[in-house]
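# Report on the structure
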Amino acid sequence: MQMFVNRTKELESLEKQYAADQSSLVIVYGRRRVGKTALITEFLKRHPNALYFLATEESETQNLNYFKIQVAEFAGNKLLKTAAVDWFTVFKTLIDYKTETKKIIVLDEFQYIGQSNAAFPSVMQKVWDTLLKEANVMLILCGSLVSLMKSQTLDYSSPLYGRRTGQIKLKQIPFNHYHAFFEGRTNNDLLPFYAVTGGVPKYIETFSGYTDIYKAIEQNVLNSQSFLYEEPYFLLQKEVSEIGSYFSLIKAIAMGNHKLSSIATNLGLKQTGLTKYLKVLMDLDLIEREVPVTEIAPEKSKSGLYRITDNFIAFWFRFVYPYRAYLEKGETAFVLSQIKKSFVQNYAAFVYEDVCRQKMWELSAAGTWDFHFDKVGRYWGSKTGEIDIVAIDTLGGNLVLGECKYTTTPKGLSVLHALQEKAAAMLKLTQAKNVQYILFSTAGFTQGLADEANKNTDIKLVEKL
């Protein structure tokens, strides 16, 4: 099992910053458990002259004391351990300590110090401007509370604004790298696991030893002793103050309310009262506003739908949160039976559609078509109803329409014919000149459909992701 997957680009970015002739200030942030510390640890393995400091939720004074002791040990300065000093003095001691190669200073969970003292970013501004900037060092500020990291380091109002030389927002591992955690397993077999864990390395690690998805869910999500049992609480309680309001909003979306009007109705609120909550959740990469891929002005579209983008959050609010009372009373078997009733067709099937849309970019880059599209998404509306995949080559006037079938039975010509019946309307809507088709099916295709695809190069069939 590989615990460090798909971070090559981020590592290269850190290496480029390190190789620069001048000092560099890099901001690394992203939600909890997404692998920020693992990324930095991997980077530090290659560079010996590095000081890694993990801040705590204690007071600024306590953090300063811990940092002072760590610097004293790093620089071999025994007097510093007991001296009464400020941040500037400690950093100066660190810089004055000579090393053969460029020093790397990492402040992990940086936001906790700023949370304890709102003036701390200003302190770091002074340290950077008057000390570190000319010292040829690499300073990495890392944090897992996205909203605080943005306000303390990235926003225009932050004292550190404009000083960073690089930033990395670490996201979840995409499905095309998911198999690296599960030796000898096919992507189709792993789809149910991805539907629960998403691309969060810690969650994947927890599920990696299982072959039965329901056993993994029972032992790691429905079990009150597991960290995943209350994970959404921990994710949100650090980021937001009105956790109940956010929980209600996410639950409403998880239960199938995707339009702003239906969310508001479900919660008994006015639509205008939801705006700030939705924005926070979008900033945290927990939800997104999706519009039909054909929309020319997405931000003005009246067809926008809100959906949960984090698979684990979506699963938890769909299958765990509504049954918490049963779980607390030990009725795990009942809750698991409810999950089994709808997990595949009413949940995992939609995750499969997302994965297929991701696959389209991979297929395009591999030269599957003699053109490359610039838009991939889905369509819903009065023209044709729903279409799982719509890929548009705007400049070339090419269109690819697709369907995704997460099923146990091979799919036949009827699926293709239904898609072809929508082609004329979609060509007119997108102003494309040519249309091709792609069908995804986990159970493969009938001989009739396979024969048709063999005769017609405009039809592509994908069984294995």
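In what follows, the structure referred to is the one given above.
Below is a short write-up of the structure. What you are looking at is a predicted structure, and each value in this text was computed from that prediction instead of being measured. (Residues numbered from 1 in each chain as written. Predicted model: local features only at pLDDT ≥ 70, side-chain atom pairs only at ≥ 80, totals over all residues. Heavy atoms only, no water.)

## Considering the overall build of the chain
If you tally the helices and strands in the chain, you get 21 helices and 12 strands. If you line up the chain on its principal axes, its C-alpha atoms span 80 × 55 × 50 Å. Buried residues in the chain amount to 51% of all 465 residues. Long-range pairs, those at least 24 residues apart, make up 64% of the contacts in the chain with a sequence separation of at least 6. Counting only carbon and sulfur atoms, one obtains 49% of the accessible surface of the chain, whose full area is about 21,800 Å². Between the mean site of the 54 positive side-chain charges and the mean site of the 49 negative ones, the chain shows a separation of 3 Å. (Helix = DSSP H or I, 4+ residues; strand = E, 2+ residues; numbered from the N terminus. Buried < 20%, exposed > 50% of the residue type's maximum accessible area, 1.4 Å probe, protein only. Contact = heavy atoms within 4.5 Å. Areas by Shrake-Rupley, 256 points an atom, 1.4 Å probe, with all protein chains shown as cover. Lys, Arg positive; Asp, Glu negative; His and termini not counted. Charge placed at Lys NZ, Arg CZ, Asp CG, Glu CD.)

## Some words on the packing of aromatic side chains
Applying the stated criterion across every chain, the model contains 38 aromatic pairs. When the centroid spacing of 6.3 Å and the interplanar angle of 40 degrees are considered together, the rings of Tyr203 and Phe227 count as tilted. Here Tyr203 is found in helix H10 (residues 201-207), whereas its partner Phe227 is found in the loop between helix H11 (213-220) and helix H12 (231-237), with 24 residues between them in sequence. What makes Tyr203 buried here is its relative accessible area of 0%. Judged by centre distance (5.1 Å) and plane angle (45 degrees), the rings of Phe315 and Phe319 are tilted. (Phe/Tyr/Trp six-rings, centres within 6.5 Å; stacked < 30°, edge-to-face > 60°.)

## Looking at the nonpolar core
Soluble globular proteins tend to bury their nonpolar side chains together. Core analysis: the largest hydrophobic core is formed by 113 residues, its most contacted members being Ile217, Phe343 and Phe440. With 13 residues, helix H18 (residues 332-365) is the single largest residue contributor to this core. (Core = buried A, V, L, I, M, F, W, Y, C linked by side-chain atoms within 4.5 Å.)

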